[in-house]
Amino acid sequence: MSKKEQVLLSNDTAIKLLDVKRGSMLSGNALPNYCLPANVLLFVSRGHGRLFIDGTPYTISPFFVCHAGRSAVIDFGAITQPIEYIAIYYRAELMHLNRGEVAQHIDGSNLLQVQFGVSLAERMTLYQIVEQIEQKWSMRQGLEGFHANALLQGLLYELLKQLQTDGYQNPSEAISTVIRHIDAHYNQDLRLNQMAELVHCSSRQLQRWFKQQKQIGPMEYVIKIRMNHAAQLLQHTAATVREIAESIGYRNMFYFSRAFKKYYGISPLSYRRAAVADKNLVIKHVKGELSLRQSPKRIVVLDVQYADQLITLNERPVGSVGIGGTVIGFPDYLQDKLGQTEVLGTYEQPNMESISMLQPDLIVCTEAHEQHYGHLSRLAPTVMFQRNEDWRFILGIFGMITDKTEEANQILLEYREKAARLSEELDNTLRGQRVALIRPRDASIRVHTAAHRTGAVLYEDLGLSAPFFIEEASDTAYQISLDVLPEVNADHYFLLCNDMFKDWTTTVQHSTEWRSLSAVKQQCVYTVDSSVWIGSYGPTGINRILDEVAQYLLYS
């Protein structure tokens, strides 16, 4: 029976309270699967952890409530902080109906089987009702049992009303999940109601969240992704319009053509003809636009991440800055691939004389090179990007610059598929355990968030659970003192290290605060090279991060 049908039958539903139990679960405990003998409302007053209802995961936090129907299987994952709860067991029965056809296909024992998890909107008011139900049930004399049933019916009403209007998923997590799903399945039949079910909210709620964060609706985002792929295929392949339509999810070529014209203002064939006629490539960047008449052959890059981008496309820059240290050079994992590429100083201090001697026909820099931009522009056409720009966007630009858009798209597809497979494996293994990304630096500790480019790989691409400590952060990192570190309270830590802050990292690792961490005691801290995880931000480096995450969290 659908949720809508159950709501429509609410006036004819009788609620029978069966039992009320108060209990607790300690940190680190994981209870065996439990098949419910009746419908249950589980209210959590404090604690943190992970819960699965028939395989669907929910994050437990204070004032969280979940509902499951009779015979549902509940599985508690790792409990990261002791949980205190009240469980209300009840039965919902269908009273006698005089509605002809409606009553004929309704199973009276299958009411209110709807599954959900939600953080209470009116937390104190509703929780007081829960405690009142517990109190009345403990008395069970005279009218007290009747009152307990009445309170439960009112409570169910409030929860179902909140479920209909507000949904029950963290907006950021929901949108990230839906975007990953769209990016991986844009060429399949995608429907709004199915995407909403994916993140356990209503279609209306998903629309509102998506527009708040992305300024467009989810279905508009689907169209945008499809049209972007279609435009690339029209420009850089000889595929027919029908082939392109089918490759991006349109089974009807004429419907695709109408959708394309609505999006771009011209038909697919007209778009292709215009792309062929206009041989100049226009690159939009921080300083405006740069028009290139032909693909450059001698490219100089002033950030190692751009060298990574080019190498991935089998294009070698003639010169690139390296990473600092006792000897300036390229990261170990890029050294062999860069071959005869000349080292042009460091990101912070590029060697302008060496750049000039290479006689480049394109220079790629970041906003950190603002002071050099005028000089660079006189040496060769120069484009400037934000250093923290998404690597996927930059790869697409390099694909166009080198006339290798198809190769760039294939690299992105392989990454999405790899991340999706790893995300599923991690979810099945970790079951909600929290993962922190920390970096001792400048006598403090940086705890990176999903807003950080490497944090985005962990928390968005792989769907790992961030510590509660940083879940609401909008900046790229929290900068905390050593004494605050235990409050991060993660199950696993990736520790970013390099030679520059080696002494401070050692100090942190010998501290009382560090030794008090549960993850340290359980050997769930993994030391990784910050030059890979932060310093070099390109496809090779990002894929290496995925490999190291798999190695440490799945196979160690």
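Everything that follows concerns the structure shown earlier in this document.
Computed from a predicted structure; not experimentally measured.

Caption draft 1: Structural context of the overall build of the chain. Looking only at helices and strands, the chain has 23 helices and 19 strands in total. Relative to its full complement of 556 residues, the chain shows a buried share of 48%. The long-range share in the chain, meaning contacts at least 24 apart out of those at least 6 apart in sequence, stands at 69%. Here the chain has roughly 27400 Å² of accessible surface; of this, 48% comes from carbon and sulfur atoms.

Caption draft 2: Spatial organisation of the nonpolar core. Core analysis: the largest hydrophobic core is formed by 73 residues, its most contacted members being Val364, Leu464, Phe494, Trp533, Val549 and Leu553. Per element, the largest residue contribution to this core is 8 residues, and it comes from helix H17 (residues 405–430). With sequence-adjacent residues up to four places away left out, Trp533 is seen in contact with Leu437, Thr454, Leu458, Phe494, Leu496, Val528, Ile545, Glu548 and Val549. Formed by 32 residues, the second largest nonpolar core is a distinct cluster that contains Ala196, Leu206, Val241 and Met253.

Caption draft 3: Representation of the sheet that holds strand S16 (residues 444–448). The mixed open sheet is built from 5 strands, whose spatial order is S17-S16-S15-S18-S19. Of all the strands in the sheet, the pair left with one neighbour each is strand S17 (477–480) and strand S19 (525–529). Across this sheet, the average inter-strand angle for adjacent strands is 30°, counted without regard to direction. With 4 bridges joining them, strand S15 (residues 435–441) and S16 adopt antiparallel strand pairing. By the bridge assignment for S16, Pro440 is matched with Ile445.

Caption draft 4: Local environment of the packing of aromatic side chains. Applying the stated criterion across every chain yields a total of 13 aromatic pairs. Residues Tyr250 and Tyr255 carry aromatic rings whose centres are separated by 5.8 Å and whose planes lie at 45° to one another, so their mutual orientation is tilted. You can call Tyr255 partly exposed: its relative accessible area is 47%. A centroid spacing of 5.6 Å and a plane angle of 50° characterise the contact between Tyr250 and Phe256, whose relative ring orientation is tilted. Phe256 carries the same exposure label as Tyr250, and that label is buried. Each member of the aromatic cluster is reached from another via a ring pair, and the members are Tyr250, Tyr255, Phe256, Phe260 and Tyr271. Sitting over the face of the ring of Tyr373, Lys287 holds its NZ or CZ atom 5.3 Å from the ring centroid.

Caption draft 5: Molecular detail of helix H16 (residues 391–401). Within the sequence span of H16, burial applies to Trp391, Ile394, Leu395, Ile397, Phe398, Gly399 and Ile401. Taking the backbone nitrogen of Arg392 as reference, a side-chain oxygen 2.7 Å away marks Asp390 as the first, capping residue of H16.

Caption draft 6: Looking closely at the pairing of S15. Burial analysis of S15 places 6 of its 7 residues in the buried class, which makes it a mostly covered element. Note: S15 against strand S18 (residues 492–497), 4 bridges, orientation parallel. The partner of Ile438 across the bridge, within S18, is Leu495.

Caption draft 7: Here's a closer look at the sheet that holds strand S14 (residues 382–385). Taken in spatial order, the 5 strands line up as S12-S11-S10-S13-S14 in an open sheet, and their pairing is parallel. This sheet does not close on itself; its edge strands, each paired only once, are strand S12 (342–346) and S14. Neighbour-to-neighbour, the strand axes of the sheet open up by a mean angle of 20°, direction not taken into account. Alignment of strand S10 (residues 299–301) against strand S11 (residues 319–322), held across 2 bridges, turns out to be parallel. The partner of Val301 across the bridge, within S11, is Ser320.

Caption draft 8: Here's a closer look at the side chain of Thr382. By the element assignment, Thr382 lies in strand S14. Separated by 3.2 Å, the side chain of Thr382 and the backbone oxygen of Leu376 make a polar contact. Among the polar contacts listed, one links the side chain of Thr382 to the backbone oxygen of Ala380, at a separation of 2.9 Å.

Caption draft 9: Looking closely at the environment of Met195. Within the element layout of this structure, Met195 appears in helix H6 (residues 192–198). The spacing of Met195 and Ile175 is 20 residues in sequence and 9.9 Å in space, taken between C-alpha atoms. Discounting residues that sit within four places of it in the chain, Met195 has contacts with Val178, His181, Ile182, Leu206, Pro218, Met219 and Val222.

Caption draft 10: Summary view of the environment of Tyr85. The residue Tyr85 is located in strand S6 (residues 73–94) in this model. Taking the C-alpha atoms as reference points, Tyr85 and Val65, separated by 20 residues in sequence, lie 9.2 Å from one another. Residues contacting Tyr85, with those up to four places away along its chain left out, are Lys21, Arg22, Gly23, Ser24, Met25, Leu42, Phe43 and Val44.

Caption draft 11: Structural detail: the environment of Val520. By the element assignment, Val520 lies in helix H21 (residues 518–521). Distance in space between the C-alpha atoms of Val520 and Tyr493 is 8.6 Å, their sequence separation being 27 residues.

Caption draft 12: Layout of helix H23 (residues 539–555). When the terminal C-alpha atoms of H23 are compared, their 23 Å separation across 17 residues agrees well with the 24 Å that a helix rising 1.5 Å per residue should span. Taken as a whole, H23 has its buried residues at Pro539, Thr540, Gly541, Ile542, Ile545, Leu546, Glu548, Val549, Ala550 and Leu553.

Caption draft 13: Local environment of the packing of helix H7 (residues 203–214) against helix H8 (residues 218–236). Contact pair H7 / H8: the axes reach a minimum separation of 8 Å and the direction vectors enclose 60°. Between H7 and H8, the crossing angle belongs to the class labelled oblique. Contacts from Leu206, Gln207, Phe210 and Lys211 in H7 reach Pro218, Glu220 and Tyr221 in H8. Split by residue class, the contact of H7 with H8 holds 4 nonpolar, 1 polar and 2 charged.

Rules behind the numbers
Numbering of residues starts from 1 in every chain and runs along the sequence as written. In view of the model being predicted, local features appear only for residues whose pLDDT reaches at least 70, and side-chain atom pairs are presented and counted only at 80 or more, with totals across whole chains, interfaces and linings using the full set of residues. Each side-chain value is derived from all of the structure's non-hydrogen atoms; neither hydrogens nor water enter the calculation. Strands are runs of DSSP state E lasting at least two residues, helices are runs of H or I lasting at least four, and both sets are numbered from the N terminus onward. When a residue's accessible area, from a 1.4 Å probe over protein chains only, is under 20% of the maximum for its type it is buried; when over 50% it is exposed; and in between it is partly exposed. Any two residues whose heavy atoms approach within 4.5 Å at even a single point are treated as in contact. Note that accessible areas follow from Shrake-Rupley with a 1.4 Å probe, and for residues the cover is restricted to the protein chains shown. Take the buried Ala, Val, Leu, Ile, Met, Phe, Trp, Tyr and Cys residues and link them wherever side-chain atoms come within 4.5 Å; each set so joined is a nonpolar core. Should DSSP find at least two bridges between two strands, the strands are taken to pair. Only the stretch in contact is used when a helix axis is fitted, and all axes are lines through C-alpha atoms; the angle between N-to-C directions ranges over 0 to 180 degrees. Aromatic contacts are taken between Phe, Tyr and Trp rings whose centres are within 6.5 Å, Trp giving its six-membered ring; a plane angle under 30 degrees counts as stacked, one over 60 as edge-to-face, and the others as tilted. Only when the NZ of Lys or the CZ of Arg is both within 6 Å of the ring centre and within 35 degrees of the ring normal is a charge said to sit over the ring. Definition of a polar contact: a pair of N or O atoms within 3.5 Å, with one able to donate and the other able to accept a hydrogen when the atoms are protein atoms, and with sequence-neighbouring residues admitted only if both atoms are side-chain atoms. Working rule for helices: expected span equals 1.5 Å times residues minus one. Between 65 and 115 degrees an angle is taken as roughly perpendicular, under 35 as roughly parallel, over 145 as roughly antiparallel, and anywhere else as oblique. In this classification, Asp, Glu, Lys and Arg are treated as charged, Ala, Val, Leu, Ile, Met, Phe, Trp, Tyr, Cys and Pro as nonpolar, and every other residue, Gly included, as polar.

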